[in-house]
Amino acid sequence: MGDPRTSDARLAQIERVADIGTWTWDRRNGLWWSAQMHRLYGVSPDAEPIGRSTYLDIVHPEDRDDLRTSWEQMLEDGGPWSGHFRITRPDGALRWLHARAHADVDEEGVAQVVGVVRDVTDERDAEVRRRRAHEDLATHQGILQQIVRGQPLAVTLDRMCRDIERRFPGSQCSVMLVDDDGVVLRDGAAPSLPREARDALDGLRIGEGEGACGTAAHRGQAVVIHDTLVDPLTRSYQDLVRTYDMRAIWSHPLKNAAGEPLGTFALYRSTPHTPDDDEVMVVRAAADVVALAVERERAERLLVRTAQVDPLTGLPNRQQFLQQLSARLARGDSRPAVLFLDLDRFKWINDSFGHPTGDRILAELGERFSAAFDGQHTVARFGGDEFTVLLHDATARGISDAARLAAEVLTEPFVVDRGEFVLTVSIGVAVADDDSSAEGLVRDADAAMYAAKEGGRARWVEFDHSLRQRVLERVELEAQLRRGLNDGEFSVHYQPSVRLATGEWGGVEALARWHRDGRIVATPDRFIGLAEETGQIVPLGMQLLEQVVAQAATWHRRGVTRPVSFNLAVSQLTDPNLVSRLAEMLERHELPSHLLVVEVTESAVMRHIDVARTVLEELRRMGLYIVIDDFGTGYSSIARMRDLPVVAVKIDRSFSEGLGVDPQAEDVMGSVISLAHAFGLQVVAEGVETPEALDRLRALGADIAQGYLLGRPQPAEDLDVLMASPPIG
């Protein structure tokens with residue numbers, strides 16, 4: 001037999017490890033409790049075991065009857081018994097116990113009862129937390145589904161507040177949202193707070209010391225105020241917390257994915273309170289769901305705004321403008337008009353200086369338009385460099401004033417990257433009638449705008465129905481232009497020139513022609529400008545340049561020294577591939593570069609002098625000669641030509657027309673020729689159509705003459721026949 005004391009010690013150790021208490025009762029010895037039983041029930045080990053009546057007294061009242069009934073049933077029947085119940089220990093702690101017992105019954109009744117007891121409070125609490133967490137998750141998932149389906153934000157916020165209030169009885173909940181300026185918090189939801197309290201909280205400033213919510217939004221961290229009557233964060237809000245019985249406040253910040261403040265989620269209690277771990281976990285999860293709802297709603301608002309506002313200028317965009325115009329037409333209480341504005345020659349800014357420069361000009365223009373019209377009319381960016389203005393009630397005076405105001409907006413230069421840009425605008429006007437639609441009215445204004453451009457730009461034209469046909473013709477010509485490029489319908493004719501000092505043929509100028517099936521499709525004055533406006537001038541220019549180089553090489557192989565000049569448009573000057581592709585053509589056709597002469601109009605050079613200088617210097621280093629075409633039509637001087645690698649200036653035909661007839665024209669031409677020679681430049685006079693003009697040019701000292709008198713533009717084979725004979729004059 002072992003030592004009973006050793007057995008008792010071993011039993012006590014096992015009980016402590018298993019966290020169970022044991023007890024027995026029999027007829028002879030009565031009731032016995034182990035030491036662990038005393039600990040579980042919170043009584044001293046020296047105390048006597050609790051009697052049956054006292055035992056039932058410490059059981060929770062809600063569990064007492066069930067426990068008594070089941071216990072008596074065991075004593076009557078014998079056998080095993082088990083049950084869960086709550087007790088209130090002498091120290092006031094509420095604990096959950098799980099007990100099991102077994103009764104041995106003989107002929108006299110119950111002879112012995114053996115039982116074990118285990119404290120399962122932590123397990124029960126964990127189970128409650130798991131169940132509540134599952135319920136919370138289900139609630140949050142339901143709210144998230146509603147958010148995805150587009151439930152209004154106010155409904156989502158209200159529901160979340162009510163769910164938290166049910167979860168924690170005695171609390172009141174609010175959501176406050178950061179305003180658009182990020183300065184104050186605005187009332188978002190607070191279903192249980194009095195309306196007066198919500199109004200008092202609305203507009204709470206964000207900052208340190210601005211109550212629990214203002215401070216939480218400022219810090220980006222949760223703020224717990226256990227007692228608002230003593231906490232310094234609520235010192236300035238004593239009247240508010242006393243009036244509405246806000247004795248404790250816990251505010252959790254709402255943040256977006258980038259960590260930026262969206263608002264606060266707060267709980268209020270009428271007594272001093274510190275949130276426990278469960279409350280912290282639940283409210284943090286709820287705040288995350290609320291933040292997601294707020295962020296989604298703001299993202300949707302931003303998408304709507306983005307869909308209606310041009311991001312570069314801040315003006316309404318095409319969609320918003322058409323919506324407003326449609327609404328105005330539907331009301332029918334006034335006669336609106338549309339002004340369609342297109343910036344003149346804006347494309348060369350993008351081509352020459354890059355889109356960032358163009359964007360900065362457009363952004364500033366948007367600000368100018370907003371300030372100029374000042375809400376009187378709706379002005380929108382329709383696309384690219386196109387703007388539209390909606391006049392709500394069109395009168396002749398109103399249209400004139402609006403067009404003048406739009407033009408005046410551009411009179412002040414745009415200063416970008418230390419450069420100054422002066423722009424003009426062409427304006428088309430269309431006035432609504434009873435049958436007008438928004439799209440149709442804009443289309444008509446667009447047609448009138450193109451008429452303004454064709455009329456010389458920087459002007460406004462009001463729509464009439466004859467313009468519709470002109471627009472359709474232009475659209476058709478643009479389509480044919482693209483087809484002609486694909487089908488190779490463009491060719492080159494050549495116009496000769498004469499050296500006035502010797503009377504011999506000089507070089508030839510390459511001029512574009514467009515034929516289909518042996519007939520002229522359009523003249524150069526129509527399709528060249530259209531090609532520039534539609535961006536087709538670069539591929540068209542390359543097609544023509546390939547023909548020019550090939551023809552010049554053919555003449556060179558035949559031993560004919562015939563310099564060929566060709567024109568470069570503005571867009572070609574800014575084409576980054578121009579120099580390399582031209583060099584490749586010269587090498588492939590084995591053409592000496594000095595047999596090519598580049599002609600660039602004065603206006604093209606002066607509009608972007610820096611880009612022109614760089615490209616022309618590269619071409620000159622390749623061996624090509626540079627001539628300024630249409631000199632006298634721009635704003636430059638011969639002196640400025642010294643900044644460029646130029647060998648000659650080509651005087652515009654308007655200066656030649658009066659020679660032999662108008663003495664003033666002769667004086668002007670003589671002055672230009674003398675000044676050009678003084679700067680070492682040759683002079684080419686174009687548009688020579690009479691013998692008198694040719695004689696006067698020779699007398700004035702011009703170097704080269706070109707015009708219909710000497711030879712019209714013609715195919716290369718016809719030119720060969722012409723130049724086989726001496727020139728006229």
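Above this text is the structure in question.
Everything quoted here is computed from the prediction, not taken from an experiment. (Residues numbered from 1 in each chain as written. Predicted model: local features only at pLDDT ≥ 70, side-chain atom pairs only at ≥ 80, totals over all residues. Heavy atoms only, no water.)

1. Some details on the overall build of the chain
At step 1: For the chain, the count of helices and strands is 25 helices and 27 strands.
At step 2: Here the chain has a C-alpha radius of gyration of 47 Å; the compact-globule value for 729 residues is 27 Å, and the former is much larger.
At step 3: Along the first, second and third principal axes, the C-alpha atoms of the chain reach 155 × 70 × 50 Å.
At step 4: Classification of the 729 residues of the chain by burial places 46% in the buried group.
At step 5: Long-range pairs, those at least 24 residues apart, make up 60% of the contacts in the chain with a sequence separation of at least 6. (Helix = DSSP H or I, 4+ residues; strand = E, 2+ residues; numbered from the N terminus. Rg over C-alpha atoms; globule rule 2.2 N^0.38 Å. Buried < 20%, exposed > 50% of the residue type's maximum accessible area, 1.4 Å probe, protein only. Contact = heavy atoms within 4.5 Å.)

2. Quick notes on empty space enclosed by the protein
At step 1: Applying the stated rule across the entire model yields three cavities of 30 Å³ or more.
At step 2: In this structure, the largest cavity encloses a volume near 110 Å³.
At step 3: Within the residue set of the lining of the largest cavity, elements represented by two or more residues are α8 (211-219) and α9 (238-243).
At step 4: Ranked by residues supplied to the lining of the largest cavity, first place goes to α8 with three residues.
At step 5: Broken down by class, the residue content of the lining of the largest cavity amounts to ten nonpolar, two polar and one charged.
At step 6: Estimated volume of the second largest cavity: approximately 50 Å³.
At step 7: In terms of lining residues, the second largest cavity is bounded by Val 224, Ala 248, Ile 249, Trp 250, Leu 267, Arg 269, His 273, Pro 275 and Glu 279.
At step 8: Of all the secondary structure elements, the ones that give two or more residues to the lining of the second largest cavity are β10 (248-255) and β11 (261-269). (1 Å grid on protein atoms, 1.4 Å probe; cavity = no way out; pocket = protein on both sides within 12 Å on 5 of 7 lines; lining within 4 Å. Points joined across faces, edges and corners; volume = space filled by probe spheres on them. Nonpolar A, V, L, I, M, F, W, Y, C, P; charged D, E, K, R; others polar.)

3. Comments concerning the sheet that holds strand β12 (residues 337-343)
At step 1: Taken together, the five strands give an open sheet; going across it, the order is β13-β14-β12-β17-β18, and neighbouring strands pair in mixed fashion. The sheet terminates laterally at β13 (378-383) and β18 (460-462), the two strands that pair on one side only. Here the strands of the sheet are splayed against their neighbours by 20° on average, with no regard to which way each runs.
At step 2: In the sheet, strand β17 (residues 425-431) pairs with β18 via three bridges, with the strands oriented parallel. (Pairing = 2+ DSSP bridges. Axes fitted to C-alpha atoms, helices over the stretch in contact; angles between N-to-C directions.)

4. Some remarks on the pattern of salt bridges
At step 1: Applying the stated criterion across every chain yields a total of 36 salt bridges.
At step 2: Put simply, Lys 650 and Glu 509 hold a salt bridge, and the shortest N to O gap is 2.7 Å. With Lys 650 in strand β25 (residues 648-651) and Glu 509 in strand β20 (residues 504-516), this pair connects stretches of sequence that are 141 residues apart.
At step 3: Under the relative-accessibility criterion, Glu 509 is labelled buried at 6%.
At step 4: Measuring nitrogen to oxygen at the nearest pair gives 3.4 Å for the salt bridge that ties Arg 558 to Asp 720. (Salt bridge = Lys/Arg side-chain N within 4 Å of Asp/Glu carboxyl O.)

5. Here we look at the side chain of Thr 234
At step 1: Note on placement: Thr 234 falls in the loop between β9 (223-225) and α9.
At step 2: Accessibility expressed as a relative area gives 1% for Thr 234, which makes it buried.
At step 3: Within the local environment of Thr 234, its side chain forms a polar contact with the backbone oxygen of Asp 231, the two atoms lying 3.1 Å apart.
At step 4: With residues near it in sequence (within four places) discarded, Thr 234 still touches Gly 211, Ile 225 and Thr 228. (Polar contact = N/O pair within 3.5 Å; in protein donor to acceptor, adjacent residues only side chain to side chain.)

6. Here we look at the nonpolar core
At step 1: Core analysis: the largest hydrophobic core is formed by 109 residues, its most contacted members being Phe 369, Tyr 494 and Leu 596.
At step 2: Among the elements that line this core, the one with the most residues is helix α18 (residues 537-557), at ten residues.
At step 3: For Leu 596, the contacting residues outside a window of four places in its chain are Val 548, Val 549, Val 564, Phe 566, Leu 582, Leu 586, Leu 591, Leu 624 and Tyr 625.
At step 4: With 24 residues, the next largest nonpolar core counts Leu 153, Leu 262, Val 282 and Ala 291 among its residues. (Core = buried A, V, L, I, M, F, W, Y, C linked by side-chain atoms within 4.5 Å.)

7. Focus: unusual backbone geometry
Comment: phi is negative for the bulk of residues other than glycine, and the bulk of peptide bonds are trans.
At step 1: Positive phi is not limited to glycine here, since Asp 245 has a value of about 55°.
At step 2: When you line up the elements, Asp 245 lands in the loop between α9 and β10.
At step 3: Here the phi dihedral of Glu 590 falls at roughly 55°; this positive angle occurs in a residue that is not glycine.
At step 4: Structurally, Glu 590 can be placed in the loop between α20 (578-589) and β23 (596-601).

8. Some remarks on the sheet that holds strand β5 (residues 109-119)
At step 1: Strand order in the open sheet made by the five strands is β2-β1-β5-β4-β3, with antiparallel pairing throughout. Looking at the sheet topology across the chains shown, the edges are occupied by β2 (30-33) and β3 (79-88). The mean inter-strand angle of the sheet, taken between neighbouring strand axes irrespective of direction, is 20°.
At step 2: Across seven bridges, strand β1 (residues 20-26) lies against β5 in antiparallel orientation. Pairing of Thr 22 across the sheet is with Val 116, part of β5.

9. Some details on the pairing of β5
At step 1: Across ten bridges, strand β4 (residues 94-106) lies against β5 in antiparallel orientation. Each bridged residue has a counterpart across the sheet, and for His 98 the counterpart in β5 is Arg 118.
At step 2: Following β4, the chain reverses through two residues before pairing antiparallel with β5.

10. Quick look at helix α6 (residues 153-167)
At step 1: When the terminal C-alpha atoms of α6 are compared, their 21 Å separation across 15 residues agrees well with the 21 Å that a helix rising 1.5 Å per residue should span.
At step 2: Those residues of α6 that sit buried are Leu 153, Thr 156, Leu 157, Met 160, Cys 161, Asp 163, Ile 164, Glu 165 and Arg 167. (Expected span 1.5 Å × (residues − 1).)

11. Let's talk about the pairing of strand β7 (residues 184-189)
At step 1: Pairing of strand β6 (residues 171-178) with β7, which is carried by four bridges, proceeds in the antiparallel orientation. Bridging from a neighbouring strand, Val 175 pairs with Ala 189 of β7.
At step 2: Connecting β6 to the next strand, β7, in antiparallel fashion are five residues, including Gly 182 with a positive phi near 70°.
At step 3: Note that β7 and strand β8 (residues 204-205) share two bridges and pair antiparallel. The residue of β8 that forms the bridge with Val 184 is Arg 205.

12. Some remarks on the state of the cysteines
As used here, a disulfide is simply a covalent bond connecting the sulfur atoms of two cysteines.
At step 1: According to the stated counting rule, one finds zero disulfides in the structure shown.
At step 2: Take Cys 161: it sits in no disulfide, and the sulfur closest to it among the cysteines is that of Cys 173, at 3.5 Å.
At step 3: There is no disulfide at Cys 213, and the cysteine sulfur nearest it, in Cys 173, is 9.8 Å away. (Disulfide = S-S within 2.5 Å.)

13. A short note on the side chain of Thr 313
At step 1: For Thr 313, the location among the structural elements is in the loop between α10 (277-308) and α11 (318-331).
At step 2: Judged by its relative accessible area of 10%, Thr 313 is buried.
At step 3: At 2.6 Å, the side chain of Thr 313 and the side chain of Asp 310 are in polar contact.
At step 4: From its side chain, Thr 313 meets the backbone nitrogen of Leu 315 in a polar contact 3.2 Å long.
At step 5: Residues in contact with Thr 313, not counting those within four places in the same chain, are Leu 362, Ala 363, Gly 366, Arg 381 and Phe 387.

14. Thoughts on the packing of aromatic side chains
At step 1: One pass over the structure, following the stated rule, counts eleven aromatic pairs.
At step 2: Joined through ring pairs, the aromatic side chains of Trp 23, Trp 71 and Trp 81 make up one cluster.
At step 3: For Arg 124, the ring lying beneath its charged end belongs to Trp 96, and the centroid distance is 3.8 Å.
At step 4: Lying across the ring of Tyr 708, Arg 712 places its NZ or CZ 4.0 Å from the centre. (Phe/Tyr/Trp six-rings, centres within 6.5 Å; stacked < 30°, edge-to-face > 60°. Lys NZ or Arg CZ within 6 Å of the ring centre and 35° of its normal.)

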